[in-house]
Amino acid sequence: MIIAKSLVKTFGDFTAVNGLDLSIKQGECFGLLGPNGAGKSTFISMTYGTVQRTGGELSVFGHDPRTNSREIKKRMGVVTQDNALDESLTVMENMMIYCAFIGVPRSERQKRVLDLLEYMNLTHKKDTKILTLSGGMKRRLVFVRALLGRPELLILDEPTTGLDPAVRHLLWGKVKELHQQGTTIVLTTHYMHEAEVLCNRLVIMNHGKVSAEGTPKDMIHKFTPGFVGIFSLEDRMKLADLSQQKSFHFNEDASGVYVRANALSDLTSLHSDHGLNPLQIRPSNLEDVFLKLTGQELSADA
Ligand SMILES: Nc1ncnc2c1ncn2[C@@H]1O[C@H](COP(=O)(O)OP(=O)(O)OP(=O)(O)O)[C@@H](O)[C@H]1O
């Protein structure tokens, strides 16, 4: 559905996307992860022709966005990072104007808007001015807007940033539902848990290209297998010594010392053999992979 080959985008002498290769298939919920500035939004903007590529190849639904972005936009819905709603108009007015803009037949507009407002639990706000909506309501409304064209492909650019847990969980449910109904989804997020919950496949981007690709499970298994024990900072010296001897992966930040080991028993033995009590032990997760691959892991053995 989206194929990028050696894709490049430069802004002046700065290269934002630097030889990106990826292929997103119909029916996937595909995650694009990467640190700030990795080139995720630039890539997304290239898929619908708002940003023109500098080099390489890009096709979406078999079309080149450089020459055929209209065809692509008809079949795609986008939840952008900024809401871009007309604050002085009501919810209904905003959505009706958007329906006209994307060419929904006049006779269908009202029903389509009302159905989607219902779907996103916003019916009671239909005559309310955007100005008075909460951040969570505005985000849900941007989802409504993205779905008005009944897209085959839904692009979600950091869809839950800044939202409270209840709204985030509600949106996760909706994304899962849309995916189950056959919508192809491309998601960028800085919440690793969100990517683990929603994505069947993902890439981690760094400096404008793909660092790693796979299912969340495979990536964890490949790059950071095992378990992580979190210890108090007071234990840092003892743990640093033991990590050298036992080749544990050892990191620390302001909240504690993180020790990753392949086997759970390696961590529990720190308690039985050395009197070191973990505050928590958890299976390693996508955040561990992300920190490792983007070079942000503070590691004694790095
Ligand atoms: N129009 C532009 N002109 C100049 N530089 C740009 C432009 N758009 C993006 N960039 C730069 O390209 C790089 C990649 O930006 P991009 O927004 O694609 O990253 P991102 O991975 O989406 O980051 P974030 O997670 O912060 O949204 C950044 O360094 C950014 O400053």
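Residues numbered from 1 in each chain as written. Predicted model: local features only at pLDDT ≥ 70, side-chain atom pairs only at ≥ 80, totals over all residues.

Taking an unreviewed UniProt entry as the reference, the protein chain is identified by name as ABC transporter ATP-binding protein belonging to Peredibacter starrii. Quoted verbatim from the Sequence similarities (unreviewed entry) field of UniProt, the annotation for the protein chain is "Belongs to the ABC transporter superfamily." (UniProt positions renumbered as here; feature names shortened; annotations may be inferred.)

This next bit is on the overall build of the protein chain. Each helix and strand counted, the protein chain has eleven helices and 13 strands in total. The C-alpha extent of the protein chain, read off along each of the three principal axes, is 75 × 45 × 35 Å. Taking all contacts inside the protein chain whose residues are at least 6 apart in sequence as the whole, residues at least 24 apart take part in 68%. (Helix = DSSP H or I, 4+ residues; strand = E, 2+ residues; numbered from the N terminus. Contact = placed C-beta atoms within 7 Å.)

Mapped onto the elements of the fold, Asp127 is located in the loop between helix H4 (106-119) and helix H5 (135-147). As a C-alpha pair, Asp127 and Met92 span 35 residues in sequence and 6.2 Å in three-dimensional space. Sequence-distant contacts of Asp127, defined by excluding residues within four places in its chain, comprise Thr90 and Met92.

Read from one edge to the other, the open sheet built from six strands follows the order S5-S6-S7-S3-S8-S9, with strand pairing classed as mixed. Bordering the open sheet on either side are strand S5 (76-79) and strand S9 (209-214), each of which pairs with just one other strand. Each strand axis lies, on average, 15 degrees off the axis of its neighbour in the sheet, ignoring direction. Set on the sheet, H5 makes contact with S5 and strand S6 (153-157); between it and S5 the angle comes to about 165 degrees. (Pairing = 2+ DSSP bridges. Axes fitted to C-alpha atoms, helices over the stretch in contact; angles between N-to-C directions.)

Let us now look at unusual backbone geometry. The phi dihedral of Arg150 is positive, around 50 degrees, even though this residue is not glycine. By the element assignment, Arg150 lies in the loop between H5 and S6.

Here the focus is the domain arrangement of the protein chain. Its domain assignment divides the protein chain into domain 1 (2-220) and domain 2 (226-283). Using only C-alpha atoms to locate each centre, domain 1 and domain 2 end up separated by 39 Å. (Domains from an automatic or database assignment.)

What follows covers the site of the ligand. Near the ligand you find Phe11, Phe14, Ala16, Gly34, Asn36, Gly37, Ala38, Gly39, Lys40, Ser41 and Thr42, and these make up its full shell. Elements supplying a minimum of two residues to the shell around the ligand: strand S2 (14-24) and helix H1 (40-47). In terms of residue count, the dominant contributor to the shell around the ligand is H1 (three residues). Considering only residue class, the shell around the ligand consists of four nonpolar, six polar and one charged. (Near = placed C-beta within 6 Å. Nonpolar A, V, L, I, M, F, W, Y, C, P; charged D, E, K, R; others polar.)

Taking 1.5 Å per residue as the helical rise, helix H3 (residues 91-102) with its twelve residues ought to reach 16 Å, and the 17 Å between its terminal C-alpha atoms agrees with that figure. Taken together, the buried residues of H3 touch H4 and H5. Positive backbone phi, at 85 degrees, marks Gly103, one or two positions downstream of H3. (Expected span 1.5 Å × (residues − 1).)

Another aspect to go through is the nonpolar core. Counting residues in hydrophobic clusters, the biggest one holds 60 residues, and the most contacted among them are Val144, Ile155, Ile185, Val186, Leu187 and Ala195. The dominant element in this core, judged by the number of residues it contributes, is H5, at six residues. If sequence neighbours within four positions are ignored, Ile155 has contacts with Ile44, Met76, Val78, Val79 and Val186. Within the second largest apolar cluster, twelve residues are counted, among which are Val257, Val259, Ala261 and Leu276. (Core = buried A, V, L, I, M, F, W, Y, C linked by C-beta atoms within 7 Å. Buried ≥ 20, exposed ≤ 12 C-beta atoms within 10 Å, placed from the backbone.)

With that out of the way, let us pick up the UniProt feature "domain: ABC transporter" (unreviewed entry) in the protein chain. In this numbering, the UniProt entry assigns the feature "domain: ABC transporter" (unreviewed entry) to residues 2-232. Secondary structure across residues 2-232 divides into 38% helix and 27% strand, with the first and last C-alpha atoms of the span separated by 46 Å.

Moving on, we come to the pairing of strand S3 (residues 29-33). Both faces of the sheet carry side chains from a regular strand, because those side chains alternate between them. Burial analysis of S3 places five of its five residues in the buried class, the great majority of the element. The alternating pattern of S3 places Cys29, Gly31 and Leu33 on one face and Phe30 and Leu32 on the opposite face, and all of these are buried. Relative to strand S7 (residues 184-188), S3 runs parallel, the two sharing four bridges. Counted as the bridge partner of Leu32 is Thr188 from S7.

Attention shifts here to the sheet that holds strand S10 (residues 227-231). The strands that make up a sheet pair up through hydrogen bonds in the backbone, lying either parallel or antiparallel. Spatial ordering of the open sheet is given by S11-S12-S10-S13, a layout of four strands whose pairing is antiparallel. Lying at the two open borders of the sheet, with one neighbouring strand each, are strand S11 (249-253) and strand S13 (280-283). Here the strands of the sheet are splayed against their neighbours by 20 degrees on average, with no regard to which way each runs. Where S11 meets strand S12 (residues 256-261), five bridges bridge the pair, whose relative direction is antiparallel. Bridging from a neighbouring strand, Asp253 pairs with Gly256 of S12. Most of the contacts of helix H10 (residues 264-274) go to S10, to which it runs at about 25 degrees, and overall it touches S10, S12 and S13.

Now for the pairing of strand S1 (residues 2-11). Sheet topology places S1 next to strand S4 (residues 55-60); five bridges connect them, and they run antiparallel. When the bridges of S4 are listed, Ile2 appears paired with Val60. Pairing analysis gives eight bridges linking S1 to S2, with the strands arranged antiparallel. Along S2, the bridge assignment pairs Ile2 with Ile24. Here S1 folds back onto S2 in antiparallel fashion, the turn holding two residues, of which Gly12 has a positive phi close to 60 degrees.

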